[in-house]
Amino acid sequence: MTFAKTLRVIEELEQKGIIERYAIGGGIAALVYVEPFLTYDLDAFVVLPSAKGKLVSLRPIYDALTKKGFKPEGEHIRIGDFPVQFIPAYNRLTEEAIREAVIVKSGGLKMRVFRLEHLVAIMLQTSRPKDKARLVQVLDQAEPDEQYLSQILTRHRLSRRRAQFRKQFYDRA
Amino acid sequence: MTERDQAKRIAIRMFTAKCRRRRNLAKLTIEQKVRVVLQMQRMAREISAAREGSRKMRKAGRVSDHK
């Protein structure tokens, strides 16, 4: 199964109303903006139809996909070459990232993907060592829209986090 | 060449490499990038399998620890 087909399976979930909206985040989304690097899974951020005020359940997604013959692997479900992790929007930043995600067309492929600025903000928010390492790579190879990024960082109180990141990686003693 | 000239040269070389990388990057489709990622995954798996293999061999005393 090609990558395009994997994306189509995810898109079908949206068309059938099993998910309200999806957007690709994480490493695969970063690939749109930078050189290829090693990443193992595909992060599909989702808004679920019944998520408001209720307990979030991924069951309908798993049911629909296992019916089609795809197999769960721990927290992922393998669709073609990639283990896909469905991540329900877990805070305002990820909700916004899904809402403002853009459609990217490349070759015969079409996918909804987080904007570069949201990827940067999420990496700053999570701030695991691997996020920081990837952020250095992203900022080296891509140019986020500074004004748009600053607005996001201010809105989600991440400006200080960025200052700390800059100090850690770019300040010379 | 002064130290300042050397630093200038290195900066120019780095900037040129960055531009070249960006040009090459723009030529790749996402599908091609994904193919590269899958190849990286295969290589990473092979390396970790080889590491695991040699660890087991060492444990079984069939290969010396000496470098």
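Each remark here, short or long, concerns the structure printed above.
Being a predicted model, the structure only gives us computed values, none of them experimental.

Conventions and cut-offs
- Residues numbered from 1 in each chain as written.
- Chains lettered and ligands numbered in written order.
- Predicted model: local features only at pLDDT ≥ 70, side-chain atom pairs only at ≥ 80, totals over all residues.
- Heavy atoms only, no water.
- Helix = DSSP H or I, 4+ residues; strand = E, 2+ residues; numbered from the N terminus.
- Rg over C-alpha atoms; globule rule 2.2 N^0.38 Å.
- Buried < 20%, exposed > 50% of the residue type's maximum accessible area, 1.4 Å probe, protein only.
- Contact = heavy atoms within 4.5 Å.
- Areas by Shrake-Rupley, 256 points an atom, 1.4 Å probe, with all protein chains shown as cover.
- Lys, Arg positive; Asp, Glu negative; His and termini not counted.
- Charge placed at Lys NZ, Arg CZ, Asp CG, Glu CD.
- Pairing = 2+ DSSP bridges.
- Core = buried A, V, L, I, M, F, W, Y, C linked by side-chain atoms within 4.5 Å.
- Salt bridge = Lys/Arg side-chain N within 4 Å of Asp/Glu carboxyl O.
- Arc of directions from axis to C-beta.
- Buried area = accessible area lost by both parts, 1.4 Å probe.
- Polar contact = N/O pair within 3.5 Å; in protein donor to acceptor, adjacent residues only side chain to side chain.
- Nonpolar A, V, L, I, M, F, W, Y, C, P; charged D, E, K, R; others polar.

Engineer: Before we go on, may I ask you to explain the overall build of chain A in this structure?
Structural biologist: Secondary structure summary: chain A contains eight helices and seven strands in total. Relative to its length of 173 residues, chain A is compact, with a C-alpha radius of gyration of 17 Å against a globular reference of 16 Å. Based on the C-alpha atoms only, the size of chain A along its principal axes is roughly 55 × 35 × 30 Å. Counting the 173 residues in chain A, one finds 47% classified as buried. Partitioning the intrachain contacts of chain A with sequence separation of at least 6 by distance along the chain shows that 65% fall at a separation of at least 24. Put simply, chain A shows about 9,300 Å² of open surface, and 49% of that area lies on carbon and sulfur atoms. Within chain A, one finds 29 positive and 21 negative side-chain charges whose respective centroids are separated by 4 Å.

Engineer: How do you make sense of the pairing of strand S5 (residues 82-88) of chain A when you look at a structure like this?
Structural biologist: All names here are of chain A. The buried fraction of S5 is high, at six of seven residues. Pairing of strand S4 (residues 76-79) with S5, which is carried by three bridges, proceeds in the antiparallel orientation. Counterpart to isoleucine 79 in the pairing with S5 is phenylalanine 82.

Engineer: Hey, could you run me through the nonpolar core in this one?
Structural biologist: One recurring pattern in soluble globular proteins is that nonpolar side chains are buried together. Ranked by internal contacts, the top residues of the largest apolar core, which has 63 residues, are Phe3, Ile24, Phe86 and Met111 of chain A. Here isoleucine 24 of chain A is in contact with Leu7, Ile10, Ala29, Leu42, Asp43, Ala44, Met111, Arg112, Val113 and Phe114 of chain A, once residues within four sequence places are set aside.

Engineer: I'm lost on the pattern of salt bridges in this one. Help?
Structural biologist: Where side chains of opposite charge bring their charged atoms close, a pairing between them can arise. All names here are of chain A. Following the criterion strictly, the structure yields eight salt bridges over all chains and no others. When the shortest N-O distance is used, the salt bridge between glutamate 73 and arginine 78 registers 2.9 Å. Owing to a relative accessible area of 36%, glutamate 73 belongs among the partly exposed residues under this scheme. Note on arginine 78: relative accessible area 30%, which makes it partly exposed. Arginine 115 is the partner of glutamate 117 in a salt bridge, and the nearest nitrogen-oxygen pair spans 3.5 Å.

Engineer: Looking at this model, I keep getting lost on helix H3 (residues 59-67) of chain A. Mind explaining?
Structural biologist: Since one α-helical turn is 3.6 residues long, residues separated by three or four positions face the same way. Residue and element names in this part refer to chain A. Here H3 has its buried residues at Ile61, Tyr62, Ala64 and Leu65. The arc that holds every buried residue of H3, seen down its axis, measures 165°, which confines them to one face. Opposite the packed face of H3, turned more than 90 degrees from it, sit the exposed residues Arg59 and Lys67. The elements touched by buried residues of H3 are helix H1 (3-15), strand S2 (42-47), strand S3 (71-73), S4 and S5. Positive backbone phi, at 100°, marks glycine 69, one or two positions downstream of H3.

Engineer: In this structure, what is going on with the interface of chain A and chain B? I would like to understand it.
Structural biologist: Interfaces are often described in size by the accessible area the parts lose on coming together. Taken residue by residue, the interface counts 24 residues in chain A and 16 residues in chain B. When chain A packs against chain B, close to 1,800 Å² is buried across both sides, 63% of that on carbon and sulfur atoms. On the surface where chain A and chain B come into contact, there are six residue pairs in polar contact (both at pLDDT 80 or more). Looking at the side of chain A that touches chain B, the elements with two or more residues in it are H1, helix H2 (26-33), strand S6 (102-106), strand S7 (109-113) and helix H6 (129-141) of chain A. Considering each element in turn, the side of chain A that touches chain B owes the most residues, three residues, to H2 of chain A. Among the residues forming the side of chain A that touches chain B, the class breakdown is 15 nonpolar, five polar and four charged.

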